[in-house]
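# A look at the structure
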Amino acid sequence: MKVIDISMPLNSSTPPWPGDQPFEYKVTWSMEDTGSVNVGQFQSSNHLGTHVDAPFHYDSDGAKIADLPLERFIGSALIVNMEGKSTISAKDLEPFQFEGVTIVLFRSMSWSDRSVFPGEYTVIDKDVAPFLKGKGIDMIGVDTPSVDPETSKDLPAHHSLYEQDILILEGLLLEHAAPGIYELMAFPLKMDEADGSPVRAVLRQK
């Protein structure tokens, strides 16, 4: 049974959101110091690379990442191809069948160089959330840094998805995953106070 890793690597070349904390790893105790083990530490934004947003990220009264049920992060996922689109709207989704899936992953291929933060990338229109809720979808994933433009302050996609209780997974790598149905697993770290978390997102062919 083939497993496809759709997570970005975390290292010093992983581009953070402009102005946010980059990834840094260092060995704090070496084997030479301890006589038995190497021990390291890392610093990173919660929204670096492949990550999930908690509602607290865009609502100060929203749920933190550890409040979200684990069942929300595993399920049948449909990858839909959206190459060449600057904005994904509900009309773009009308041709697809969503029976038997609870997650939709948008394969836009609009972030080609993962060593730099993209100037432009495909975003999600606010009419997508009510459309997908009507199809039984409770999480979406994108292969971009965000569902909204980098310059957005009102975050219409985030808030429209939140209103429909649809979770947001961002920063996926989907170039090696063909459109179709898979099982997705993308579990966040159990951080009680966090507004989001990196995930190791994988697909398993059904």
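One structure accompanies this document, and this report is about it.

### Looking at the overall build of the chain
A tally of helices and strands in the chain yields 4 helices and 13 strands. Expected size for 206 residues packed as a compact globule is a radius of gyration near 17 Å; at 17 Å, the chain falls within 12% of this value. If you line up the chain on its principal axes, its C-alpha atoms span 60 × 40 × 35 Å. For the chain, the residues scored as buried account for 48% of the 206 residues in total. The contacts in the chain between residues at least 6 apart in sequence include a share of 73% that link residues at least 24 apart. As presented, the chain carries roughly 10500 Å² of accessible surface, and 50% of it is formed by carbon and sulfur atoms. Between the mean site of the 16 positive side-chain charges and the mean site of the 31 negative ones, the chain shows a separation of 6 Å.

### So, unusual backbone geometry
For M109, which is not a glycine, the phi torsion comes out positive at approximately 55 degrees. Within the secondary structure layout, M109 lies in the loop between β7 (103-107) and β8 (123-124). When its relative accessible area of 33% is taken as the criterion, M109 is described as partly exposed. In this structure, L155 is a non-glycine residue whose phi angle is positive, near 50 degrees. With respect to the element layout, L155 can be found in the loop between β9 (139-142) and α4 (156-163).

### Considerations on the side chain of S197
Note that S197 resides in strand β12 (residues 196-198). Here L189 takes part through its backbone nitrogen, which lies 2.8 Å from a polar atom of the side chain of S197.

### Side note on a nonpolar patch on the surface
Among the surface-exposed residues, Y25, V27 and F42 lie close enough to one another that they form a single nonpolar patch of about 340 Å² accessible area. By the secondary structure assignment, Y25 is in strand β2 (residues 24-29).

### Structural notes on the pattern of salt bridges
Using the criterion set out here, one finds 7 salt bridges in the structure. With a shortest N-O distance of 3.6 Å, D138 and R72 are connected by a salt bridge. Of this pair, D138 sits in the loop between α3 (128-133) and β9 while R72 sits in the loop between β4 (51-53) and β5 (74-81), and the two are 66 residues apart along the sequence. For R107, the salt bridge identified is with E83, shortest N-O distance 3.2 Å. Of this pair, R107 sits in strand β7 while E83 sits in the loop between β5 and β6 (87-88); the two residues are 24 residues apart in sequence, bridging distant segments of the chain. Via salt bridges that share partners, R72, D138 and D165 belong to a single interconnected network.

### Some remarks on the layout of surface pockets
Within this model, the largest pocket holds a volume of roughly 270 Å³. For the largest pocket, the lining is made up of 16 residues, of which W17, H57, S146, L155 and H158 are closest to its centre. Taken together, the residues of the lining of the largest pocket break down into 5 nonpolar, 6 polar and 5 charged. Roughly 160 Å³ of internal volume is contained in the second largest pocket. Along the walls of the second largest pocket sit L10, F23, F42, S44, S45, N46, F187, L189, M191, P198 and V199, which together make up its complete lining. When grouped by side-chain class, the residues that make up the lining of the second largest pocket number 8 nonpolar, 3 polar and no charged.

What counts and what doesn't
- Residues numbered from 1 in each chain as written.
- Predicted model: local features only at pLDDT ≥ 70, side-chain atom pairs only at ≥ 80, totals over all residues.
- Heavy atoms only, no water.
- Helix = DSSP H or I, 4+ residues; strand = E, 2+ residues; numbered from the N terminus.
- Rg over C-alpha atoms; globule rule 2.2 N^0.38 Å.
- Buried < 20%, exposed > 50% of the residue type's maximum accessible area, 1.4 Å probe, protein only.
- Contact = heavy atoms within 4.5 Å.
- Areas by Shrake-Rupley, 256 points an atom, 1.4 Å probe, with all protein chains shown as cover.
- Lys, Arg positive; Asp, Glu negative; His and termini not counted.
- Charge placed at Lys NZ, Arg CZ, Asp CG, Glu CD.
- Polar contact = N/O pair within 3.5 Å; in protein donor to acceptor, adjacent residues only side chain to side chain.
- Patch = residues over 30% accessible without salt bridge, like charges linked within 9 Å, V, L, I, M, F, W, Y side chains within 5 Å.
- Salt bridge = Lys/Arg side-chain N within 4 Å of Asp/Glu carboxyl O.
- 1 Å grid on protein atoms, 1.4 Å probe; cavity = no way out; pocket = protein on both sides within 12 Å on 5 of 7 lines; lining within 4 Å.
- Points joined across faces, edges and corners; volume = space filled by probe spheres on them.
- Nonpolar A, V, L, I, M, F, W, Y, C, P; charged D, E, K, R; others polar.

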